[in-house]
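Next come the chains, spelled out residue by residue.
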There are 4 protein chains.
Amino acid sequence: MAASERVRIGIVGVGRMGRRHAENLALRVPGAQLVAACSPLTEELDWARDTLGVRGLYKDYHELLADVDVDAVFLVTPNALHPAQIIAALKAGRHVFCEKPLSLVTDECLAVEAEAARHPQLKVMIGFVRRFDASYQDAQKSIAAGAIGRPFMVRSETCDQNDPSGFFVRFAPSSGGIFVDMSVHDIDLARWLLGSPRALRVFSAGTVAVHEGLRACGDVDNGIAICEFADGRMACFYASRTMAHGHETATEIVGTDGRLTVGRDGRLNQVEIADVHGIRTLTTPTFYERFADAFLREEMHFVDCVRHDRTPALSLHDATEATRIGIALRTSLAERRVVELA
Amino acid sequence: MAASERVRIGIVGVGRMGRRHAENLALRVPGAQLVAACSPLTEELDWARDTLGVRGLYKDYHELLADVDVDAVFLVTPNALHPAQIIAALKAGRHVFCEKPLSLVTDECLAVEAEAARHPQLKVMIGFVRRFDASYQDAQKSIAAGAIGRPFMVRSETCDQNDPSGFFVRFAPSSGGIFVDMSVHDIDLARWLLGSPRALRVFSAGTVAVHEGLRACGDVDNGIAICEFADGRMACFYASRTMAHGHETATEIVGTDGRLTVGRDGRLNQVEIADVHGIRTLTTPTFYERFADAFLREEMHFVDCVRHDRTPALSLHDATEATRIGIALRTSLAERRVVELA
Amino acid sequence: MAASERVRIGIVGVGRMGRRHAENLALRVPGAQLVAACSPLTEELDWARDTLGVRGLYKDYHELLADVDVDAVFLVTPNALHPAQIIAALKAGRHVFCEKPLSLVTDECLAVEAEAARHPQLKVMIGFVRRFDASYQDAQKSIAAGAIGRPFMVRSETCDQNDPSGFFVRFAPSSGGIFVDMSVHDIDLARWLLGSPRALRVFSAGTVAVHEGLRACGDVDNGIAICEFADGRMACFYASRTMAHGHETATEIVGTDGRLTVGRDGRLNQVEIADVHGIRTLTTPTFYERFADAFLREEMHFVDCVRHDRTPALSLHDATEATRIGIALRTSLAERRVVELA
Amino acid sequence: MAASERVRIGIVGVGRMGRRHAENLALRVPGAQLVAACSPLTEELDWARDTLGVRGLYKDYHELLADVDVDAVFLVTPNALHPAQIIAALKAGRHVFCEKPLSLVTDECLAVEAEAARHPQLKVMIGFVRRFDASYQDAQKSIAAGAIGRPFMVRSETCDQNDPSGFFVRFAPSSGGIFVDMSVHDIDLARWLLGSPRALRVFSAGTVAVHEGLRACGDVDNGIAICEFADGRMACFYASRTMAHGHETATEIVGTDGRLTVGRDGRLNQVEIADVHGIRTLTTPTFYERFADAFLREEMHFVDCVRHDRTPALSLHDATEATRIGIALRTSLAERRVVELA
C-alpha cells in the first residue's frame, strides 16, 4: 500500500483485551483506521459501533475477511483458534497481527509459517508485547552494545495478582497451560535477549498452591522451569497466578561483565508510602498497566511495517520457537521428565 | 464554543519547549488544532509550517492575536513577557495557556488577575505541569482521602543535571532567579498538597557552587528555602542546577499518620544495572523525560476546559501566590533576612 | 595510664541509655572495666550490681568521683546537668565521656572547654554517635577522598517514631527543645562532613503536629531549619517526633560532582515483604537499633583514646559549636527571626 | 560440662575462614576459650599463638584430639576431609562444629550420622551460617507466624564476585562442584523455610561462562537447578562465581498470601551514591562481610548448646539432606537428566 494511506483494520475479538487494541487502533495509532469488528456477541459489536464508530460489524470471521475495506486483521481470540484464523486471513490477502501464543500445537505453528511463506507481501506478527516496552528495549540495546559482556543467562518471571474468585480457572483447559499461556512471554524474551540460541532441553515443575480447580485439566497455578540452549546459554522461568501484591513481570539477564534487571517490583508509579505498614510502593494490579505503553508501541510498529513494507521486529519463527519451548515445558510438567528439543 | 468543535490554537514561542507543546497540540491532544505560530525566527516558523502544517505564521504577537481563526494561545515565551502577553490575549478575547512562572513581579500577577476577572468567559491557566503528573495526582488524591492524616509539611526539590557549558547562565538575568524559575514548581506543589494555606514568612540561602557567571546578576546555582504557612503548615525547598546524575524532582509530604514521597531518584525506566560500579539505576537527563506524560495531560486538561467551559484545576490566584512566594525567597536571598508575607 | 591496663569506668545514669552503655562497657568493650555506677534509684544500682557485677554503687555523683578506682566517667544524665558534671569530673581528675548535647547554654559550653584546657592529660568526648557509624564513616571518607568533588550542602533529618502516649512530653522542658535535643546530631554531621565551616546565621520554623502538651514550654514536635556557613556552605535540617513508620536518620551530602545519601528508609534488616500492602521494608523502631554498632564503636574509641593517650576524633569545640547552633535555632523558632552567629 | 565453665575449643584449619572462626572464638564468643589449633603450616600455628595466645599447637589432627584440654573442635578444613575428621572427633569424645558441606558423598553423611548416634551426649553441628543471619531468622519467624500463608516455593541464589585470577579453579576438583560447594547453602535454606519437606527429584544445568579451567573437572561457574519436594513444594537455585558487582546471597520465599525476599542487592552499607554513573549502592565484596554477624551468632549458638546441653537448631540429618540434594544436582548436571531422590 502507499505509505500515505491509512491501514484499514478489522479487530477480531472485542473482549477486554480486544477493546484495548480497538481503542488504540481507532484513536491513538497514527496511520491506522479501525473499520471493522468481529464478535459473536451483539453487545460487543454495539460497543465498537457506538464508542469507536466502527462501520463493518460481523458475527462471522469469514464475513469480515470478505470485507474489501479491510487491509489487516487483529486477532484477539481464544488461543486455540489462532492458527486457523491466521491462515484464513493470509489466504484472504490480509496482513495479520495475532495475540500470543501463536498456537497450542507445534505442528500448527509450522503450518502457519508455511502459509505465510506463500504470501511474502503480507505481514504477520505475533504480539510479544514486551519487546516493545521501553525498559526491555533499553536493556536489549545495552546488551547488544556490550554493556554486560556476553549474556549467557536469563531468569524471567510472570506473576499475576491472585484472583480469589478463580475466574480464570474456567479458561485453563483452552489456555494451553501456564507455560504456554504465561511463560511464553518470558521464553520469547530469553531468546531475544540471548541472541536467538537453539533450544536443547527443558525441565519444569509446578504446583497448585491455591486454585484446586486447575487439577482437572492438569494445570498448575505456579510453575518453574529450566531451558538449556546451545553454546552454554540457559534460562530459568517462573510463572504464578497467585501473587498477593499485584502483577510483576521481572527479568534478569546475566552476562560475563554484569547483570541487568528489568521490572523488579512492578511499580505502579513514583509514589512511596511510609506509614504503619513500613515503607512501601504499590505494584500494578495487572499486566496491562505495566505494558500499556508497550501495547501502543507494538500496534504502531505493526501498522508502520504494513504501511512502509518493512519486516516486523519479531518473526513468525520466533513465535514458533517460543511456543515449541512452552509446549515442551507443559510436557515436562505432565510427564515429570526432561524433554529434549534439539 | 461548541464542545464538538476543536480548539484552534496559536503557539507563541517555538523554541525547545515551544516545539514540544506544538507537537502535542498538533498531533496528540484530542480536540485541539494548531493553526498558528509566532516567533521572531524564520526557521522556527518554517519548522512549524513544514513539520506540523501550521498555516498562520507570525513574527509579531499582535498579528497572531488578530488572526480570527485563533481561539486560544499557548505562551512559551521568556518569563518577563508573560504578564503583558496574557493581558493582550485576554483583551483580544483569546483563552490563554502560559508557561510558569506567571511573572517576575507581584504587581503584574495582580494585574493579570484583574484583567482575567473582566473576561470570565475566557480560560487562563499557568503551566504548573506537575499537578498533571500521574504520581503527583495519586499522592494528592491519597492525601485528600486521609491516607497520611493531616498533612503539615512538604519538602520538595527540583534538581537539574549540570550543564558544564553553563549555557543557562546567559538567561539567568531574565529568569527571575533560581527560586522564581525553578522552585516556583515546588511552591505550587506545597500549596496544592497542603490545602492552599496562607503564606506567612520565608527565608532562603544559596550558593554558587559551580557557575561563577551567576554572581553578576545575584543568582545562585543551589538554593534552599523555608516557607511558613498559617495553621502550623510549612515547607522546605531545594533547587539545584548542578546535579551530576540527572534531573530529579522529588517531593515529600508529611502528615500526622504517614509520609508520601514522589519521584525519588527520578528513575529513567525500569532497568537496574549491576556491574563494576555497583547496583544502579539511571535518572532522566532533564525534566522533560520525567514529565512528558504530564505535559500531554496538562494540554488535554486546558483544551477540555475551553471546549466544555470548565474551570481549570489550578487558578490564576494559585499562580500569583506561587510567584509571590518565589519573589519573596529571592528577596530573602539578596537581603539575608526573613521576608514577611502575611 | 599504661596501655596494658584496663580503663576503670563509672557509669552515671542507669536509665534506658545508661544501661546500654553499661552493658557494652562491662561486656563488649576491650580494655574497659565497669567498676562503679551512680543513680538516685536503688533498683538501678541493684541492676548494675546483679546483672553486671558492678562493685561501687553510689547515689551521689560526688561519692563516685571520690572512688579512687574510677579512671573515667560515662555521663548519661539529663541534658541540663552535663556541664557541671563534666567540670566536676575534670576537677577530680577523671576522663569524661558525656552523652550529647554538651549543654543547653552556650556559656556553659565555653566553661567546660576552659576547664578541660586546664587538664590536657584528661580526655573529654561528647557522644555524637553517628560519627562512629560505619555508613557515615564510609561517606565521610569518600568525601574526603574527593568522591563528590567539593561538598557544599548537607540535608539531614532525625525522625522518631511517634509515641502515641506522648511520654516524652514531660521531659521536653529540660531537653533544650527539638533542635538542641535532636538536630544537634545533624548539626554535628553537617559540620563534620562539610569540613568544620564557620556558622554565619540560622533560621528555623516548627509546628506542633500531634503533641499539644509541647506548647506549654514553647517546643514543637516537627521543626525545619536552615544554617548558612562561611564559604558558600549550607545545611538544612528536619527533626520530627511523629513519624508513623519508625525511626529514620537520613543525611544527604551534595558536592560539585555528586551526592551521597546515608540511611534513607532506616531499614530494619534485609527482608522485603510483598503482600496486600504492596512491596515494603520495615524501619528500625528507634535510633538504638539503627546505631547499636556505632555506640559500641564510639565506646571503644573513647576507651582506646584513654588507654593510648590519643586525641578523640571529635573535640569539645565541635560539641560547643553544634550546641551553639542548636541554641540559635531554638531562638529563631521562638522569635521568628534570623539569628546571626558570626 | 557445667554451664559455668568455658568450652575449650581447638580450631582445625587456620586459613582465611579458620582465622575468622579462631578470632571470634578467642575474643568475642562468651563462654568460649580457644586453647588449641591444628595446621600443617608453621606460620598458621605461629599466628594462632602470637595473635590469639593459643597454647596447644599441633600439626597433626590426632594429636589435637588427644589434648585433654580440648572439649570441642571447629573443623575448617577441605570438604573431602570432613566426614573422617568428624567421626574421629566423636570417637575421641569431642563436640564438633564443622564447616559446610558435611561431605561430598552421601554414604559418608550417613556414616557420620550413625557415629553421632552413638554419642548422644556430644553436639555436632554443620555450619549453615545463613540460619543465624538476623534477616533470615526474621523471615523464618514471619513465615512460621503465617505472614505469607502457606509457603510453597523458595528461589535462592548464591553469587560470588568474579575473581579474574581464577584462583579458585585449582580447588574446584576437591570442592564437590558448584552445587555442593555453593548451592548447599540455598538447599538448606529452602528446606528450613519450607518446613523440611521430602525431596523428590532434581534437575540442573550449567555453563562455563568465564573460567575455562573448570571444564577439566566437569564443573561450571554458573549453574541453575530445580528441586521438587513432596506436597507441592519446590525450589529453584542459582549459583554463580562470575558476578561483576560483588557477592549477593538472595532468597525469595513465596507463599499463598505473600512473598518475602531476603538479601536482595547484598548492600554493603547504608550509603547511596548519585554521580555520573547513576544512583547506586555498593555490594559486599564477599560472603564474609554479608554474614560476619551471622558467623558470630552461629558460634555463640554452638557454644551455648555445648555449655547448656541443648540441641543445636540444625541437625546432622539436615546437613545430610542438603548434601544429598547437592550431590544429586551434580549428577544431573553431569548426566543431563532428572535425578530421582525419593
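The model shown is predicted, which means the values in this text are computed figures rather than measured ones.

**Q** So what exactly am I meant to see when it comes to the overall build of chain A here?
**A** Secondary structure summary: chain A contains 10 helices and 15 strands in total. Against the 2.2 N^0.38 benchmark of 20 Å for 342 residues, chain A shows a C-alpha radius of gyration of 20 Å, consistent with a compact globule. Projected onto its principal axes, the C-alpha coordinates of chain A cover approximately 50 × 50 × 45 Å. Accessible area of chain A: about 12000 Å², with a carbon and sulfur share of 51%. Each charge class in chain A was averaged separately, 38 positive and 45 negative side chains, and the resulting centres sit 2 Å apart.

**Q** Please explain the sheet that holds strand E2 (residues 32-38) of chain C as it appears in this structure.
**A** Sheet strands line up and pair through hydrogen bonds in the backbone, either parallel or antiparallel. Residues and elements named next belong to chain C. Ordered in space as E3-E2-E1-E4-E5-E6, the 6 strands form an open sheet in which the pairing is parallel. Unpaired on one side and paired on the other, strand E3 (56-58) and strand E6 (124-127) mark the two borders of the sheet. When the angles between neighbouring strand axes are averaged without regard to direction, this sheet yields 20°. Judged from the 4 bridges that link them, strand E1 (residues 7-12) and strand E4 (residues 72-75) form a sheet pairing that is parallel. Across the sheet, Ile-11 pairs through a bridge with Phe-74, a residue of E4.

**Q** Hey, could you run me through the domain arrangement of chain A in this one?
**A** All names here are of chain A. Here chain A is partitioned into domain 1 (7-130 + 293-314) and domain 2 (131-290 + 322-340). If you average the C-alpha positions of domain 1 and of domain 2, the two centres end up 25 Å apart. On the side of domain 2, 26 residues touch domain 1, which itself brings 25 residues to the contact. For the pair domain 1 and domain 2, the summed buried surface comes to about 2200 Å²; carbon and sulfur atoms form 59% of the total. A per-residue breakdown of the area domain 1 buries against domain 2 is headed by Leu-104, Phe-128 and Arg-130, which together make up 38% of the total. The interface formed by domain 1 and domain 2 holds 2 salt bridges in total. A salt bridge links Asp-186 to Arg-130; the nearest nitrogen and oxygen atoms lie 3.0 Å apart. The interface formed by domain 1 and domain 2 includes 13 residue pairs in polar contact (both at pLDDT 80 or more).

**Q** Mind showing me how you'd approach the pairing of strand E5 (residues 95-99) of chain D here?
**A** Regular strands have side chains that alternate between both faces of the sheet. Residue and element names in this part refer to chain D. Within E5, 5 of the 5 residues are buried, which leaves the element mostly enclosed by the surrounding structure. Of the two faces of E5, the one lined by His-95, Phe-97 and Glu-99 and the one lined by Val-96 and Cys-98 are each fully buried. Between the parallel pair E5 and strand E6 (residues 124-127), the chain is carried across by helix H5 (residues 106-117), and the sense of this crossover is right-handed.

**Q** When you look at the pairing of strand E12 (residues 258-262) of chain B in this model, what are you seeing that I'm missing?
**A** Counting buried residues in E12 of chain B gives 5 out of 5 residues, a clear majority hidden from the surface. What you see with E12 of chain B is no split at all: Gly-258, Leu-260 and Val-262 of chain B on one side and Arg-259 and Thr-261 of chain B on the other are buried throughout. In the sheet, strand E13 (residues 271-275) of chain A pairs with E12 of chain B via 4 bridges, with the strands oriented antiparallel. Pairing of Ala-274 of chain A across the sheet is with Arg-259 of chain B, part of E12 of chain B. Direction of pairing for strand E11 (residues 248-255) of chain B relative to E12 of chain B: antiparallel, over a ladder of 5 bridges. Note that in E12 of chain B the partner of Gly-255 of chain B across the bridge is Gly-258 of chain B.

**Q** So what exactly am I meant to see when it comes to the side chain of Glu-252 of chain C here?
**A** On the secondary structure map, Glu-252 of chain C appears in strand E11 (residues 248-255). We classify Glu-252 of chain C as buried; its relative accessible area is 13%.

**Q** Looking at this structure, how should I read the relation of the copies chain B and chain C?
**A** Mapping one chain copy onto the other needs a rotation about an axis and a shift along that axis. Mapping chain B onto chain C calls for a screw motion: a turn of 180° about the axis and a shift of 0.0 Å along it, with 0.0 Å RMSD after fitting. Interpreted geometrically, this transformation is the action of a two-fold axis. Looking at the rotation axis and the C-alpha trace of chain B, the residue lying nearest is Val-338 of chain B, at 3.2 Å. By residue overlap, the copies meet face to face through one surface: 98% of the interface positions of chain B are interface positions in chain C.

**Q** Before we go on, may I ask you to explain the packing of helix H1 (residues 16-28) of chain A against helix H2 (residues 42-52) of chain A in this structure?
**A** Pairs of packed helices are described in terms of their axes, by the angle between the two and the distance that separates them. Residues and elements named next belong to chain A. Contact geometry of H1 with H2 gives a least axis separation of 11 Å together with a crossing angle of 25°. The orientation of H1 with respect to H2, classified from their angle, is roughly parallel. The two elements H1 and H2 meet at a crossing, and its hand is right-handed. Seen from H1, the contacting residues are Arg-19, Ala-22, Glu-23, Ala-26 and Leu-27; seen from H2, they are Glu-43, Glu-44, Trp-47 and Leu-52. The class makeup of the residues in the contact of H1 with H2 is 5 nonpolar, no polar and 4 charged.

**Q** Help me understand the environment of Asp-309 of chain D in this model?
**A** All names here are of chain D. Relative to the helices and strands, Asp-309 is located in the loop between helix H9 (287-308) and helix H10 (316-335). With a relative accessible area of 57%, Asp-309 lands in the exposed category. In this structure, Asp-309 is in contact with Lys-123 and Asp-304, ignoring residues within four places of it in sequence. Side-chain polar atoms of Asp-309 contact the side chain of Lys-123, separated by 2.7 Å.

**Q** What is the right way to read the sheet that holds strand E2 (residues 32-38) of chain B from this model?
**A** Residue and element names in this part refer to chain B. A sheet is described by the order of its strands in space; here 6 strands give the open sequence E3-E2-E1-E4-E5-E6, paired in parallel fashion. The open sheet has two edge strands, strand E3 (56-58) and strand E6 (124-127), and neither has a second partner. Between one strand and the next, the sheet's axes are offset by a mean angle of 20°, whatever the strand orientation. Most of the contacts of helix H9 (residues 287-308) go to strand E5 (residues 95-99), to which it runs at about 160°, and overall it touches strand E1 (7-12), E2, strand E4 (72-75), E5 and E6.

**Q** Just to check I follow, could you spell out the interface of chain B and chain C for this structure?
**A** Size of an interface, as often reported, equals the accessible area lost when the parts are brought together. At the junction of the two partners, chain B supplies 40 residues and chain C supplies 40 residues. Both faces considered, chain B and chain C share a buried interface measuring about 3300 Å² in area, 62% of it formed by carbon and sulfur atoms. Among the residues of chain B in contact with chain C, Phe-203, Ile-224 and Ile-226 of chain B are the three that bury the most area, contributing 17% of the side total. Counting across the interface, chain B meets chain C through 12 residue pairs in polar contact (both at pLDDT 80 or more). When contributions to the side of chain B that touches chain C are tallied by element, the ones reaching two or more residues are strand E7 (151-161), strand E8 (199-207), strand E9 (222-229), strand E10 (234-243), E11 and E12 of chain B. Within the side of chain B that touches chain C, the residues separate by chemical class into 18 nonpolar, 10 polar and 12 charged.

**Q** What am I meant to see in unusual backbone geometry here?
**A** Trans peptide bonds make up most of the peptide bonds, and negative phi angles are found at most residues other than glycine. A cis geometry characterises the amide bond from Lys-100 of chain A onward to Pro-101 of chain A, with omega recorded as -10°. A positive phi angle, close to 55°, is found at Ser-196 of chain C, a residue other than glycine. Looking at where Ser-196 of chain C falls in the secondary structure, it is placed in the loop between helix H8 (178-194) and strand E8 (199-207). Residue Ser-196 of chain C is classed as partly exposed on the basis of its relative accessible area, which comes to 42%. Non-glycine residue Asp-265 of chain D carries a positive phi angle of around 80°. Considering the arrangement of structural elements, one finds Asp-265 of chain D in the loop between strand E12 (258-262) and strand E13 (271-275). On the basis of relative accessibility, which here comes to 13%, the residue Asp-265 of chain D falls in the buried class.

Parameters and conventions
- Residues numbered from 1 in each chain as written.
- Chains lettered and ligands numbered in written order.
- Predicted model: local features only at pLDDT ≥ 70, side-chain atom pairs only at ≥ 80, totals over all residues.
- Heavy atoms only, no water.
- Helix = DSSP H or I, 4+ residues; strand = E, 2+ residues; numbered from the N terminus.
- Rg over C-alpha atoms; globule rule 2.2 N^0.38 Å.
- Areas by Shrake-Rupley, 256 points an atom, 1.4 Å probe, with all protein chains shown as cover.
- Lys, Arg positive; Asp, Glu negative; His and termini not counted.
- Charge placed at Lys NZ, Arg CZ, Asp CG, Glu CD.
- Pairing = 2+ DSSP bridges.
- Axes fitted to C-alpha atoms, helices over the stretch in contact; angles between N-to-C directions.
- Domains from an automatic or database assignment.
- Contact = heavy atoms within 4.5 Å.
- Buried area = accessible area lost by both parts, 1.4 Å probe.
- Salt bridge = Lys/Arg side-chain N within 4 Å of Asp/Glu carboxyl O.
- Polar contact = N/O pair within 3.5 Å; in protein donor to acceptor, adjacent residues only side chain to side chain.
- Buried < 20%, exposed > 50% of the residue type's maximum accessible area, 1.4 Å probe, protein only.
- Right-handed = clockwise from strand over helix to strand, strands pointing away.
- Least-squares fit on C-alpha atoms with pLDDT ≥ 70 in both.
- Parallel < 35°, antiparallel > 145°, perpendicular 65-115°, else oblique.
- Left-handed = near helix turned anticlockwise from the far one by under 90°.
- Nonpolar A, V, L, I, M, F, W, Y, C, P; charged D, E, K, R; others polar.

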